[in-house]
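Here's the letter readout for the chains.
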Amino acid sequence: MASEDAPNPFDDPAADPFEIARVAAELIARRSGVERHDIALTLGSGWGRAADLIGETVATIPATDIPGFSRSAVPGHVGTIRSVLLPNGKHALVLGARTHYYEGHGVRRVVHGVRTAAATGASVMILTNGAGGIKETWGPGTPALISDHINLTAASPLEGATFIDLTDLYSQRLRDIAHEVDASLDEGVYVQFRGPHYETPAEVQMAKTIGGHIVGMSTALEAIAARQSGMEVLGMSLITNLAAGISPIPLSHSEVIEAGKTAEPVISDLLARIVERL
Ligand code: HPA
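Residues numbered from 1 in each chain as written. Predicted model: local features only at pLDDT ≥ 70, side-chain atom pairs only at ≥ 80, totals over all residues. Heavy atoms only, no water.

Caption draft 1: Up close: the site of the ligand. Near the ligand, the surroundings consist of Gly130, Ala131, Gly132, Tyr198, Glu199, Val215, Gly216, Met217, Thr240, Asn241, Leu251 and Val256. Glu199 is positioned such that a nitrogen or oxygen atom in its side chain is 2.8 Å from a nitrogen atom of the ligand. Asn241 has a polar side-chain atom sitting 2.6 Å from a nitrogen atom of the ligand. Protein contact buries 95% of the 260 Å² of open area that the ligand shows by itself. Counting only elements with at least two residues in the shell around the ligand, the list comes to β5 (124-133), β8 (214-216) and β9 (232-242). At three residues, β5 tops the list of elements feeding residues into the shell around the ligand. Of the residues in the shell around the ligand, the class split is six nonpolar, five polar and one charged. (Near = heavy atom within 4 Å. Polar contact = N/O pair within 3.5 Å; in protein donor to acceptor, adjacent residues only side chain to side chain. Areas by Shrake-Rupley, 256 points an atom, 1.4 Å probe, with all protein chains shown as cover. Helix = DSSP H or I, 4+ residues; strand = E, 2+ residues; numbered from the N terminus. Nonpolar A, V, L, I, M, F, W, Y, C, P; charged D, E, K, R; others polar.)

In structure tokens:
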């Protein structure tokens, strides 16, 4: 099955990814009637309902209508881009489509959503995901804030001699706001593996040894691109399962999706209450 219908501008290696993002943002403004967005959210597995809770949807655009986006390769991911009017009058761009690095389309396409969000004017980027937990106290369905990351993909969205500081990449200010909403929210270091295979127990032990608490396949590369674009980043993981070897039970994708569905109302409400305060 083809992963997309129309030619993708990223197929041209000479294309400027920031120009593609600018064109995408222009079309989002035209289709939504919203000239500038203030915040953006990427909703990963289990977080989809937040789009309905944070405000009033003013436009829903199929992601494949916007240059550079492709059809989601993952069941359970919604391929739409929404413009949502928040109760405080701000505009949120909700990206229900995410391209993962493991899809093999290159990092430019992985971070296109983030760069497009920045080009629409968003200064805050909320990145959510479903992930495996290393802390044994985290049962499936536990949300956790990302305090930092370790990028094990051996890739970067930055090209050439682009040196970007990643100290405080996951904004302390935004984490404080999240803690005001729910003081019990735990934090952890997110370790991004390439995937799409889940980690081996030995890899999970390595992640733990080097300081990781969460294992996943998405957010670190996106966070780096968000920082490059000058956005403040809030990262949140839904722990859908204990990571391989932490739990004696083998992982299955359908169980990961199921855990996401069960936790969805609670974590989406949590996210909506955080967004309300931004
Ligand atoms: N590892 C990596 N990614 C994941 C996991 C996991 O255990 N669970 C959900 N996404």
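Caption draft 2: Looking closely at the nonpolar core. Ranked by internal contacts, the top residues of the largest apolar core, which has 37 residues, are Ile66, Ile81, Met125 and Ile214. Those elements that place two or more of their residues in this core are α1 (17-32), β4 (91-95), α3 (107-110), α4 (112-119), β5, β6 (142-151), α7 (219-228) and β9. Once residues within four sequence positions are removed from consideration, Met125 is found in contact with Ala40, Leu41, Thr42, Leu95, Val114, Ala117, Ala226, Met231, Glu232, Val233 and Leu234. (Core = buried A, V, L, I, M, F, W, Y, C linked by side-chain atoms within 4.5 Å. Buried < 20%, exposed > 50% of the residue type's maximum accessible area, 1.4 Å probe, protein only. Contact = heavy atoms within 4.5 Å.)

Bear in mind that shape data such as this cannot, by itself, settle questions of function.
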